[in-house]
Amino acid sequence: MSCDTCTRLTSGTHIKSPSDLKRSIKKASEAVKLGVLKYEGAGISGDPFATLAIGAHWSDFVSNYFSCPSCSQLFHLHAETYHGSGGAFEKIDQINEQLQGDTYGT
């Protein structure tokens, strides 16, 4: 369940193009810097968020997890970029994979 801190952060932002992905990465990066989100780690097939946040080229899969420090709502920024099938920056109920250690925003 989202709180007032994170409720407007994302309403299931769909990623359909590289520019959508860049905007979502920027949105997540700014939220971490402002303390609205806490970075939890990269999914097993994703690049560490620190690499993406500085504008580096992403690989075939983007998979990064965040949480709200106030209410613990989880968020997943994910995209399949190789075939261009897109992705989303969305609220999730749980993380279903092991995360890579990454210290972005800490």
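In the block above lies the structure referred to throughout.
Note that the structure is a prediction, hence the values are computed from the model and not measured. (Residues numbered from 1 in each chain as written. Predicted model: local features only at pLDDT ≥ 70, side-chain atom pairs only at ≥ 80, totals over all residues. Heavy atoms only, no water.)

(A) Inspection of the environment of Ser63 at higher detail. Assignment of secondary structure puts Ser63 in strand β3 (residues 61-67). By relative accessible area, which is 5% here, Ser63 ends up buried. Separated by 19 residues in sequence, Ser63 and Ile44 have C-alpha atoms that sit 7.8 Å apart. Setting aside chain neighbours within four positions, we find Ser63 in contact with Gly41, Ala42, Gly43, Gly46, His76, Leu77, His78 and Glu97. Side chain to side chain, Ser63 and His76 meet in a polar contact 2.9 Å long. (Helix = DSSP H or I, 4+ residues; strand = E, 2+ residues; numbered from the N terminus. Buried < 20%, exposed > 50% of the residue type's maximum accessible area, 1.4 Å probe, protein only. Contact = heavy atoms within 4.5 Å. Polar contact = N/O pair within 3.5 Å; in protein donor to acceptor, adjacent residues only side chain to side chain.)

(B) Quick peek at the sheet that holds strand β1 (residues 13-15). The 5 strands are arranged β1-β5-β4-β3-β2 in an open sheet whose pairing can be described as antiparallel. At either margin of the open sheet sits one strand with a lone partner, and together these are β1 and β2 (38-42). Neighbour to neighbour, the strand axes of the sheet diverge by 20° on average, direction disregarded. Alignment of β1 against strand β5 (residues 86-92), held across 3 bridges, turns out to be antiparallel. From the neighbouring strand, Thr13 faces β5, where its bridge partner is Phe89. The strands touched by helix α1 (residues 18-34) are β1, β2, β3, β4 (74-80) and β5; relative to β1, the strand with the most contacts, the crossing angle is about 135°. (Pairing = 2+ DSSP bridges. Axes fitted to C-alpha atoms, helices over the stretch in contact; angles between N-to-C directions.)

(C) Region of the structure containing the state of the cysteines. Throughout the structure, instances matching the rule amount to 0 disulfides. The thiol sulfur of Cys71 is not disulfide-bonded, and the nearest other cysteine sulfur, from Cys3, lies at 3.7 Å. Classification of Cys71 by relative accessible area gives partly exposed; the value is 25%. (Disulfide = S-S within 2.5 Å.)

So, to be careful, I would describe these as geometric facts and stop short of saying anything about function.
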